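Descriptive structure summary
Take a look at the letters that make up each chain.
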Amino acid sequence: MTPLKTLVIALAIGVAPAAFAAGSMESMDMKAPATSQAAARPVAAEIKKIDVQAGKVTLKHGPIEHLAMPAMTMAFPVKDRASLGNFKEGDTVSVVFDTVGGQPTVVDMRRN
C-alpha cells in the first residue's frame, strides 16, 4: 500500500466517528427539560431550626424525589423569607422544593 493510500484510509477512519457524532447530535432532542416545579410534590418535614435573618430553615425531611435527594436533615433557603415568621421549631410541615439559583429551595411550606 502506498503512503498516500495509507494516509487517506487513516484520515477516513479518524474523521468518520466525528462526522457520525455530529450527525447524531442534530437528531437529538435538545429542548430544555421541564421545570422541576411541574414534578414537585409536597414532602413531609419537621422544622429543626429557623434563621429568619439568613432566610433559611433547617428541615428533617423525607425524600425529595424530583431533586433526587434522600431523606436527611438540612438547611434550605426559603423563597419567601417573611413566611418564616408563621412557623416555629418543632412544627411538622408539608414542603414544596424547587431549584432556585442552582440550589434546592423551599418554595412553599404549610403547617400540617
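On a predicted model such as this, the values are computed, not experimentally measured, just so you know. (Residues numbered from 1 in each chain as written. Predicted model: local features only at pLDDT ≥ 70, side-chain atom pairs only at ≥ 80, totals over all residues. Heavy atoms only, no water.)

Let's shift gears to the packing of aromatic side chains. Considering all chains together, one arrives at 1 aromatic pair under this definition. Taking the centre distance of 4.8 Å and the plane angle of 55 degrees together, the rings of F76 and F97 count as tilted. Of this pair, F76 sits in strand β3 (residues 72-77) while F97 sits in strand β4 (residues 92-100), and the two are 21 residues apart along the sequence. A relative accessible area of 0% places F76 in the buried class. (Phe/Tyr/Trp six-rings, centres within 6.5 Å; stacked < 30°, edge-to-face > 60°. Helix = DSSP H or I, 4+ residues; strand = E, 2+ residues; numbered from the N terminus. Buried < 20%, exposed > 50% of the residue type's maximum accessible area, 1.4 Å probe, protein only.)

Direction of pairing for strand β1 (residues 43-51) relative to strand β2 (residues 56-61): antiparallel, over a ladder of 6 bridges. Across the sheet, the residue bridging to D51 is K56, located in β2. Hairpin connection between β1 and β2: a loop of 4 residues separates the two successive antiparallel strands, and G55 in this loop has a positive phi of roughly 70 degrees. Alignment of β2 against β3, held across 6 bridges, turns out to be antiparallel. What sits directly across from H61, in β3, is M72. (Pairing = 2+ DSSP bridges.)

Next up on the list: the sheet that holds strand β5 (residues 103-111). Read from one edge of the open sheet, 5 strands run β3-β2-β1-β4-β5, paired in antiparallel fashion. Unpaired on one side and paired on the other, β3 and β5 mark the two borders of the sheet. Sheet twist, expressed as the average angle between the axes of neighbouring strands with direction ignored, equals 45 degrees. (Axes fitted to C-alpha atoms, helices over the stretch in contact; angles between N-to-C directions.)

This part takes up the pairing of β4. When a strand is regular, its side chains alternate between the sheet's two faces. Two strands pair when backbone bridges link them, and β1 and β4 are joined in this way by 4 bridges, in the antiparallel orientation. The residue of β4 that forms the bridge with V43 is V95. Pairing geometry for β4 and β5, over 8 bridges, is antiparallel. The residue bridging F97 from the neighbouring strand is V106, located in β5. Two successive antiparallel strands, β4 and β5, enclose a turn made up of 2 residues, where G101 displays a positive phi of approximately 60 degrees.

A few words on the confidence of the model for the protein chain. When pLDDT is averaged across the protein chain, the result is 83; 72% of the residues are at 70 or more. Overall, residues 30-38 carries pLDDT values under 50, and its contacts beyond four positions in sequence, including any with other chains, amount to 7 contacts. (pLDDT = per-residue confidence, 0-100. Contact = heavy atoms within 4.5 Å.)

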